[in-house]
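Architecture and fold: a report
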Amino acid sequence: MKVIVKKNYDEVSEIAAQEIVDLVKNKNNAVLGLPTGSTPVGMYKNVVKSYKNGEISFKNITTFNLDEYIGLNKDNDQSYYYFMNNNLFSHIDINRDNINIPNGMADDLENECKRYEEKLKAVGYMDIMYLGIGINGHIGFNEPAEYFEPFTHEVKLEESTIEANSRFFEKVEDVPTSALTMGIKTIFSAKKIILIATGENKADAIAKTVNGKIDPQVPASILQLHRDVTIIVDEAAGSRL
Ligand code: PGA
């Protein structure tokens, strides 16, 4: 595991975006795994800037998002579909057919999870998977649990996650209680994984991820087993390393 500590959020966003820009420049048909949340917003802003400067094109790039809430329409401003459109896709030249986000409105959710895995396999898996981390150590919506779930699956969200995400909703009751998420093996199918975290409230989860025992109660700790992981944190999130 490689750990990079940058001064602040802006520097984390810049260096994380640079990895995307470099990959897209070198491999114009790359497959990207993408996260949502407040952490990657700055990273996406920098990526959009590079696109607008004419540095890169996404015409042949394929993306797979990590997760999606169950029960929110695409036009609900809290759905991850909406988030991705708003922060990235509507600003770049990506082919809409190459955008993949689990469909949390599917009638048959189990089937949707299988379809997602098959699609990922068909494109040859991801070149880079980007991750955020929850204060409880979750990656995607792989919540602390008794065991690691390998593949894309339905998950019930933890109280702490619902509470953390309620800041985006009018009231806590509006936060969906379940989601679809890539599993650990799905995430591990990426050639390279980059996890970004900022802020003091992530310091404990980061310390356990990097130096703790591999434990499904701290889902990100399993990243110690992947062969190419880079953790990019600001000084606050890295303060307990
Ligand atoms: P955040 O979410 O970037 O909004 O802190 C990260 C996560 O929960 O994975």
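Given the structure is predicted, the values throughout are model-derived calculations rather than measurements. (Residues numbered from 1 in each chain as written. Predicted model: local features only at pLDDT ≥ 70, side-chain atom pairs only at ≥ 80, totals over all residues. Heavy atoms only, no water.)

This brings us to the site of the ligand. Residues in contact with the ligand, as listed here, are Gly 37, Ser 38, Thr 39, Gly 132, Ile 133, Gly 134, His 138, Arg 167 and Lys 202. Take Ser 38: an N or O atom from its main chain is 2.9 Å from an oxygen atom of the ligand. Contact distances for the ligand include 2.4 Å between an oxygen atom and a side-chain N or O atom of Thr 39. In the complex, the protein chains occlude 84% of the 280 Å² of accessible area that the ligand would expose alone. Looking at the shell around the ligand residue by residue, the classes come out as one nonpolar, six polar and two charged. (Near = heavy atom within 4 Å. Polar contact = N/O pair within 3.5 Å; in protein donor to acceptor, adjacent residues only side chain to side chain. Areas by Shrake-Rupley, 256 points an atom, 1.4 Å probe, with all protein chains shown as cover. Nonpolar A, V, L, I, M, F, W, Y, C, P; charged D, E, K, R; others polar.)

Direction vectors running N to C along helix H2 (residues 41-52) and helix H3 (residues 80-87) enclose 40 degrees, while the axes themselves pass 10 Å from each other. Between H2 and H3, the angle falls in the class oblique. Along its contact with H2, which presents Val 41, Tyr 44 and Val 48, the element H3 presents Phe 83, Met 84 and Asn 87. (Axes fitted to C-alpha atoms, helices over the stretch in contact; angles between N-to-C directions. Helix = DSSP H or I, 4+ residues; strand = E, 2+ residues; numbered from the N terminus. Parallel < 35°, antiparallel > 145°, perpendicular 65-115°, else oblique. Contact = heavy atoms within 4.5 Å.)

As a further point, take the sheet that holds strand E4 (residues 67-69). Taken together, three strands build an open sheet; the order of strands is E4-E8-E7 and the sheet is antiparallel. On the outer flanks of this sheet lie E4 and strand E7 (153-156), each paired with one strand and no other. For this sheet, the mean inter-axis angle between neighbouring strands, taken without regard to orientation, is 25 degrees. Of the pairings in the sheet, the one linking E4 to strand E8 (residues 178-181) comprises three bridges and is antiparallel in character. Considered in E8, the bridge of Asp 67 is made with Thr 181. (Pairing = 2+ DSSP bridges.)

As a packed pair, helix H1 (residues 9-26) and H2 sit with axes 8 Å apart at the nearest point and diverge in direction by 50 degrees. Overall, the two elements H1 and H2 adopt an arrangement that is oblique. Both H1 and H2 take part in a crossing whose hand is right-handed. Each of Tyr 9, Ser 13, Glu 14, Ala 16, Ala 17, Ile 20 and Val 21 in H1 lies in contact with H2, whose residues at this interface are Val 41, Gly 42, Met 43, Asn 46, Val 47 and Ser 50. Each residue belonging to the contact of H1 with H2 can be placed in one class, and the counts come to eight nonpolar, four polar and one charged. (Left-handed = near helix turned anticlockwise from the far one by under 90°.)

This next bit is on the nonpolar core. By size, the foremost hydrophobic cluster in this structure holds 32 residues, and its most contacted members are Met 43, Phe 58, Met 84, Leu 88 and Phe 89. Elements that contribute at least two residues to this core include exactly H1, strand E2 (31-34), H2, H3, strand E6 (128-131) and strand E9 (192-197). Setting aside its immediate chain neighbours within four residues, Met 43 contacts Ser 13, Ala 16, Ala 17, Ile 20, Tyr 130 and Ile 196. Formed by 27 residues, the second largest nonpolar core is a distinct cluster that contains Phe 64, Leu 120, Ile 187 and Val 210. (Core = buried A, V, L, I, M, F, W, Y, C linked by side-chain atoms within 4.5 Å. Buried < 20%, exposed > 50% of the residue type's maximum accessible area, 1.4 Å probe, protein only.)

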